[in-house]
Amino acid sequence: MTGVLLGLTLGCGLFCMWWSTWAPSEKPDEPRSATMSDRLRDQLVQAGYPSVGPTALLMASALGFAFVALAIYATTRVAPVAGCFGAMAGYGPLALVRMRARRRRASLRDLWPDVVDNIASGVRAGLALPEALSQLARRGPEELRPAFQSFAEDYRTSGRFHDCLDLLKDRLSDPVADRLVESLRIAREVGGSDLGRLLRTLSSFLREDGRTRAELETRQGWTVNAARLAVAAPWLVLGTLLGRPESVQAYSTGPGILVLLVGAGVSLAAYRLMTRIGRLPEDGRVLR
């Protein structure tokens, strides 16, 4: 029995020695893909509602759906029609946030070149990168000053430049801000005398990109407006019939429900197609 135990102990020791000669393979860190909650949070910040969370937005949509659906059902006693208008009301908060986020991104697109120019001026004046970013709380564009004021306070408190940059990215939640922050992070880590050239190149690129997008959006804006009008027209007609409940009783039957489902599907597909054709693609946050 003692010999068996000694043999097992020797075997385990030899196996451990053999196992220690092989280096474990490290899996590369894969970038985390953005979830629906992340996208909603970015849109809320971009729309100017940083204190509102995705859960509160979804709850507002659910309440809007329930309130409008119950109100219309109490008036018409037609559940399919109430469900259609309730779905529109439930989508209203999401549509409002996305519209405001899109408009605010468009307005900020004209401000980012000035931000880059201010940083470049501070660097040429001999300021360090943290001080060049902090002075934007006083000299930067009015709409972006609160974010850079928070950055200055964070840096004075912790002195950790990279952590403060991450917090700044979260507060701005903007693709252009992500590119700027990562450029500054690389410049801080690598060093060198090319920071001024990098900032000038980024500023000229942002100005050219904003000018081009503004021209294209002006020319293609009529396509998006036409898509919205075409989608809203049949539902506005249906909305005018709600004042006479007997006129919408036909939609409580099987063929009426089929007409509503087909109309909703065609309207949604046509609107998505028209907006995809007419609207320019938005930059995503690939450097979050």
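Every value quoted in this text rests on a predicted model; they were computed, and no experiment measured them.

(A) Examining the side chain of Ser61 more closely. Mapped onto the fold, Ser61 is located in helix H3 (residues 54-76). At 3.1 Å, the side chain of Ser61 and the backbone oxygen of Gly90 are in polar contact. With residues up to four places along the chain from it excluded, the contact list for Ser61 reads Gly90, Pro93 and Leu94.

(B) Layout of a nonpolar patch on the surface. Taken together, Leu258, Val262 and Val266 make up a surface patch of nonpolar side chains, about 280 Å² in accessible area. Its location among the elements puts Val266 in helix H12 (residues 254-278). For Val266, a relative accessible area of 51% gives the class exposed.

(C) Structural view of the nonpolar core. Core analysis: the largest hydrophobic core is formed by 31 residues, its most contacted members being Trp112, Ile119, Leu133, Phe148 and Leu180. Counting only elements with at least two residues in this core, the list comes to helix H5 (112-124), helix H6 (129-134), helix H7 (136-139), helix H8 (145-158), helix H9 (161-172), helix H10 (175-190) and helix H11 (195-240). The element contributing the most residues to this core is H10, with six residues. With near-sequence residues (within four places) excluded, Leu133 lies in contact with Ile119, Phe148, Phe151, Phe161, Leu165 and Leu184. Listed in part, the 11 residues of the second largest apolar core include Ala82, Phe85, Trp235 and Leu260.

(D) Geometry of the packing of helix H2 (residues 36-47) against H3. At a minimum axis separation of 9 Å, H2 and H3 run at an interaxial angle of 90°. Classified by the interaxial angle, the pair formed by H2 and H3 is roughly perpendicular. Between H2, through Ser37, Leu40, Arg41 and Leu44, and H3, the contact on the second element is made entirely by Pro54, Leu57 and Leu58. Residues of the contact of H2 with H3, tallied by class, amount to five nonpolar, one polar and one charged.

(E) Region of interest: the pattern of salt bridges. Inspection of the entire model under this criterion finds 11 salt bridges. Across the pair Asp117 and Arg207 runs a salt bridge whose closest N-O atoms are separated by 2.8 Å. Remark: Arg207 occurs in helix H11 and Asp117 occurs in helix H5; sequence separation between them is 90 residues. Here Asp117 falls in the partly exposed class, since its relative accessible area comes to 29%.

(F) Focus on H5. Between its first and last C-alpha, H5 extends 18 Å over 13 residues, near the 18 Å set by a 1.5 Å rise per residue. Those residues of H5 lying buried are Trp112, Pro113, Val115, Val116, Asn118, Ile119, Ala120 and Gly122.

(G) View of the environment of Ser150. By secondary structure assignment, the location of Ser150 is in helix H8. Residue Ser150 is classed as partly exposed on the basis of its relative accessible area of 22%. Sequence-wise, Ser150 and Arg171 are 21 residues apart; in three dimensions their C-alpha atoms are separated by 8.9 Å.

(H) Expanded view of the packing of H5 against H11. Orientation of H5 relative to H11, taken along the N-to-C sense of each, is 165°, at an axis distance of 9 Å. Classified by the interaxial angle, the pair formed by H5 and H11 is roughly antiparallel. The handedness of the crossing between H5 and H11 comes out as left-handed. In this structure, H5 uses Trp112, Pro113, Asp114, Val116, Asp117, Ile119, Ala120, Val123 and Arg124 to contact H11, whose residues at the interface are Leu195, Leu199, Arg200, Leu202, Ser203, Leu206 and Arg207. The class makeup of the residues in the contact of H5 with H11 is 10 nonpolar, one polar and five charged.

Rules and cut-offs
Residues numbered from 1 in each chain as written. Predicted model: local features only at pLDDT ≥ 70, side-chain atom pairs only at ≥ 80, totals over all residues. Heavy atoms only, no water. Helix = DSSP H or I, 4+ residues; strand = E, 2+ residues; numbered from the N terminus. Polar contact = N/O pair within 3.5 Å; in protein donor to acceptor, adjacent residues only side chain to side chain. Contact = heavy atoms within 4.5 Å. Patch = residues over 30% accessible without salt bridge, like charges linked within 9 Å, V, L, I, M, F, W, Y side chains within 5 Å. Areas by Shrake-Rupley, 256 points an atom, 1.4 Å probe, with all protein chains shown as cover. Salt bridge = Lys/Arg side-chain N within 4 Å of Asp/Glu carboxyl O. Buried < 20%, exposed > 50% of the residue type's maximum accessible area, 1.4 Å probe, protein only. Core = buried A, V, L, I, M, F, W, Y, C linked by side-chain atoms within 4.5 Å. Axes fitted to C-alpha atoms, helices over the stretch in contact; angles between N-to-C directions. Parallel < 35°, antiparallel > 145°, perpendicular 65-115°, else oblique. Nonpolar A, V, L, I, M, F, W, Y, C, P; charged D, E, K, R; others polar. Expected span 1.5 Å × (residues − 1). Left-handed = near helix turned anticlockwise from the far one by under 90°.

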